[in-house]
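# Observations on the three-dimensional arrangement
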There are 2 protein chains.
Amino acid sequence: MNLVLFEPAELAAPPEADVRNTNIRPLRPLPRADARARHIVEVLRRREGDTFDAGLVNGPLGKATLTAIGADTLTLAFEPTREPPPLPPVTLILGLPRPQTARDILRDATTVGVSCIHFVATERTDPNYATSSLWTSGEWRRHLLTGAAQAFDTRLPEITWTHDLASILTESNHNGYFSSARLLALDPYEATESLGQSNHNGYFVGQPAVLALGPERGWDNTDRDLLRSTGFTLVHLGQRILRSETAVVAALARIRNWN
Amino acid sequence: MNLVLFEPAELAAPPEADVRNTNIRPLRPLPRADARARHIVEVLRRREGDTFDAGLVNGPLGKATLTAIGADTLTLAFEPTREPPPLPPVTLILGLPRPQTARDILRDATTVGVSCIHFVATERTDPNYATSSLWTSGEWRRHLLTGAAQAFDTRLPEITWTHDLASILTESNHNGYFSSARLLALDPYEATESLGQSNHNGYFVGQPAVLALGPERGWDNTDRDLLRSTGFTLVHLGQRILRSETAVVAALARIRNWN
């Protein structure tokens, strides 16, 4: 946890007299049992009066002050200092993976930095994966928070998991999102060029990109036809077969502008 | 497990008459409790007479035949068909991480493909990490096998974990290994160019590379002086702070030739 993230709803209304000439906003009392409270006291070893790096989810970065350590709660205040840069203009489309794989991807893709992840049904996805408690309980968002805190960012990518490949491609195409983006689908079996080559021949820094990865059992020919007809180029990452989690990070690393 | 790996010592001596005109070699009986036996029967659902993709560790790829399913063991034979290509000429030097992080890196770096990983003591590594049962029990090698089987490769990288940064740099330098290699050290704090730029300005396909990543708490200035005086360029992967496991995969993806 490089950054302690608070929800905007955790900001408390400031006492009127207090904030005339400052940005500092009190936070609602944080229960000592909250993982963030334990992190602040036990890992960061902050004492009353100390500050630490904090941010508001999808809002500003800043400094938090540990005002008081109570028996049951921490008293905290937050001072915003700057807006984080926008997320990289990269959209991931992923054949819905098993929940444990999805957890790692939610966290790691958020850390590396993407704007949006669509987990989609394809011809070969297991329909049971979409009804996992990861999705139905809202647990998925916790992995985004972990990934963003690691990256020292407050911004979370948008996530969907109820569409199928065809509807996501159609909708994004109709919205014009694909017209300016580089469209790449990883396919270790039918691709004839590597992501490196493809990257080299025409990708330019900052251009939006859409990166599609099939499910564990790969794309079906119906999926491939859909991708090709939407304008996707099939690319590979060499001969070695990577786990989905690893392929996502490797592919993002190839297309990201790190400057 | 995309490939079932057997140790060369698991080859049984062939009955003399049997193998005059064939490459097929019997394997020692495989206990039903072995993870590979369970995988062959329960996941691959092979029955007597069926074949599956197999390989000998650091040896050939080929096909294995499930000759018989006994109460306690599987009877198997292996036919080598081709040697896998050499591992990519990439050496990793990593500040010794906590064991759970090391497990993931051993597996994932092996899958992506490296020739050698030196886990080294640096100014800021925790000395307790080197005495973990991961290293002392030999467990580390299991993660290489998992990574290689995923990649559909038989070759395992060489691993060391008992050196410090200075001794590895001195030894490799003396052996001339560094003279032809591109030397890159990830450093999110002091690097002035990104791995992308560095890659662009001079890296060429297939050139050996040495990639150094600090421990969780980063490089100390003593470490940086050592790296710089050995010829390493400090590079970064952008503003976002990645977990060590993610940084290894992302950096390898940047410098690898995927063609």
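As the structure is a prediction and not an experimental result, all values here were calculated from the model.

The rules behind these values
Residues numbered from 1 in each chain as written. Chains lettered and ligands numbered in written order. Predicted model: local features only at pLDDT ≥ 70, side-chain atom pairs only at ≥ 80, totals over all residues. Helix = DSSP H or I, 4+ residues; strand = E, 2+ residues; numbered from the N terminus. Buried ≥ 20, exposed ≤ 12 C-beta atoms within 10 Å, placed from the backbone. Contact = placed C-beta atoms within 7 Å. Least-squares fit on C-alpha atoms with pLDDT ≥ 70 in both. Pairing = 2+ DSSP bridges. Axes fitted to C-alpha atoms, helices over the stretch in contact; angles between N-to-C directions. Nonpolar A, V, L, I, M, F, W, Y, C, P; charged D, E, K, R; others polar. Domains from an automatic or database assignment. Left-handed = near helix turned anticlockwise from the far one by under 90°. Expected span 1.5 Å × (residues − 1). Parallel < 35°, antiparallel > 145°, perpendicular 65-115°, else oblique. Right-handed = clockwise from strand over helix to strand, strands pointing away.

Let us look at the overall build of chain A. Along chain A, the regular secondary structure elements total eight helices and 13 strands. Counting every position in chain A, which comprises 259 residues, the buried fraction comes to 43%. Long-range contacts, defined as pairs at least 24 residues apart, comprise 75% of the intrachain contacts of chain A with a sequence gap of at least 6.

With that out of the way, let us pick up the relation of the copies chain B and chain A. Between chain B and chain A, the superposition needs a rotation of 180° and an axial shift of 0.0 Å, giving an RMSD of 0.0 Å. Accordingly, the operation relating the two chain copies is best matched by a two-fold axis. When the interface residues of chain B are mapped onto chain A, 100% of them again fall at the interface, so both copies present the same face.

This next bit is on the sheet that holds strand β9 (residues 158–164) of chain B. Residues and elements named next belong to chain B. Taken together, the seven strands give an open sheet; going across it, the order is β9-β8-β7-β12-β10-β13-β11, and neighbouring strands pair in parallel fashion. Strands at the two margins of the open sheet, each flanked by one partner only, are β9 and β11 (193–194). Pairing of strand β7 (residues 90–95) with strand β8 (residues 116–121), which is carried by five bridges, proceeds in the parallel orientation. Across the sheet, Leu92 pairs through a bridge with Ile117, a residue of β8.

Our focus in this paragraph is the sheet that holds strand β11 (residues 193–194) of chain A. Residue and element names in this part refer to chain A. As summarised here, the arrangement of the seven strands in space is β9-β8-β7-β12-β10-β13-β11, forming an open sheet in which the pairing is parallel. Strands with a single pairing partner mark the edges of an open sheet, and in this sheet they are β9 (158–164) and β11. Sheet analysis places strand β10 (residues 182–186) next to strand β12 (residues 209–213), joined by five bridges and oriented parallel. Paired with Leu184 across the bridge in β12 is Leu211. Packed onto the sheet, helix α5 (residues 165–174) meets β7 (90–95), β8 (116–121) and β9 and runs at close to 120° relative to β9.

Contact residues are listed per partner, giving 26 residues for chain B and 26 residues for chain A. Counting only elements with at least two residues in the side of chain B that touches chain A, the list comes to α2 (99–112), α4 (139–151), α6 (195–200) and α8 (244–255) of chain B. With five residues, the single largest contributor to the side of chain B that touches chain A is α8 of chain B. Residues belonging to the side of chain B that touches chain A are distributed by class as follows: 11 nonpolar, 10 polar and five charged.

What follows covers the environment of Val41 of chain B. Following the sequence through the fold, Val41 of chain B ends up in helix α1 (residues 35–43). Residues within four places of Val41 of chain B in sequence aside, it is in contact with Arg46 and Ile69 of chain B.

This paragraph deals with the pairing of β10 of chain A. All names here are of chain A. Here β10 lies mainly inside the structure; five of its five residues are buried. Here β10 shows two buried faces, one formed by Arg182, Leu184 and Leu186 and the other by Leu183 and Ala185. Note that β10 and strand β13 (residues 233–236) share three bridges and pair parallel. Looking at the pairing, Ala185 lines up with Leu234 of β13.

All names here are of chain A. The phi dihedral of Phe152 is positive, around 65°, even though this residue is not glycine. Among the structural elements, Phe152 can be located in the loop between α4 (139–151) and β9. For Phe152, a count of 17 C-beta atoms within 10 Å puts it in the partly exposed group.

Residues and elements named next belong to chain A. The assigned domain composition of chain A is domain 1 (4–82) and domain 2 (90–255). Centre-to-centre separation of domain 1 and domain 2, based on C-alpha positions: 35 Å. Across the boundary between the two partners, domain 1 contributes seven residues, which contact six residues of domain 2. Split into classes, the residues belonging to the side of domain 1 that touches domain 2 amount to four nonpolar, three polar and no charged.

With that out of the way, let us pick up the packing of helix α2 (residues 99–112) of chain A against α4 of chain A. Residue and element names in this part refer to chain A. Put simply, α2 and α4 touch, their axes get as near as 7 Å, and they point 35° apart. By crossing handedness, the relation of α2 to α4 is classed as right-handed. Contacts between α2 and α4 pair Arg103, Leu106, Arg107, Asp108, Thr110 and Thr111 from the former with Trp140, His143, Leu144, Thr146, Gly147, Ala148, Gln150 and Ala151 from the latter. Here the residues of the contact of α2 with α4 are counted per class, giving five nonpolar, six polar and three charged.

Taking 1.5 Å of rise per residue, the 12 residues of helix α8 (residues 244–255) of chain A would be expected to cover 16 Å, and the 17 Å separating its terminal C-alpha atoms lies within 8% of that figure. Those residues of α8 of chain A lying buried are Ser244, Glu245, Thr246, Ala247, Val248, Val249, Ala250, Ala251, Leu252, Ala253, Arg254 and Ile255 of chain A.

What follows deals with the packing of helix α5 (residues 165–174) of chain B against helix α7 (residues 221–230) of chain B. Residues and elements named next belong to chain B. Axis separation between α5 and α7 bottoms out at 10 Å; the angle between their running directions is 5°. Classed by the angle they form, the pair α5 and α7 counts as roughly parallel. On α7, the residues that touch Leu165, Ala166, Leu169 and Asn173 of α5 are Asp223, Leu226 and Thr230. Along the lines of polarity and charge, the residues of the contact of α5 with α7 split into four nonpolar, two polar and one charged.

Our focus in this paragraph is the environment of Ala71 of chain B. Here Ala71 of chain B is to be found in the loop between β5 (61–69) and β6 (73–82). Sequence separation between Ala71 of chain B and Ala54 of chain B is 17 residues, and the spatial gap between their C-alpha atoms is 22 Å.

Attention shifts here to the pairing of β7 of chain B. Regular strands show a simple pattern: their side chains alternate between the two faces of the sheet. Taking burial as the measure, the six residues of β7 of chain B include six buried ones, the bulk of the element. Where the polypeptide runs from β7 of chain B across α2 of chain B and back to β8 of chain B, its parallel neighbour, the crossover connection is right-handed.

Attention shifts here to α4 of chain A. All names here are of chain A. Counting buried residues along α4, 10 of its 13 residues qualify, which places the element largely inside the surrounding structure. Listed as buried for α4 are Trp140, His143, Leu144, Leu145, Thr146, Gly147, Ala148, Ala149, Gln150 and Ala151. Against β1 (4–6), α2, α3 (133–136) and β9 lie the buried residues of α4. In the stretch just after α4, Phe152 is the one whose phi turns positive, near 65°.

So, about the environment of Arg124 of chain B. Residue and element names in this part refer to chain B. Its location among the elements puts Arg124 in the loop between β8 and α3 (133–136). When the 15 C-beta atoms within 10 Å are taken as the criterion, Arg124 is described as partly exposed. Through-space distance from the C-alpha of Arg124 to that of Leu165 is 11 Å; in sequence the pair is 41 residues apart. The contact partners of Arg124, leaving out residues within four places of it in the chain, are Pro215, Arg217, Gly218 and Asp220.

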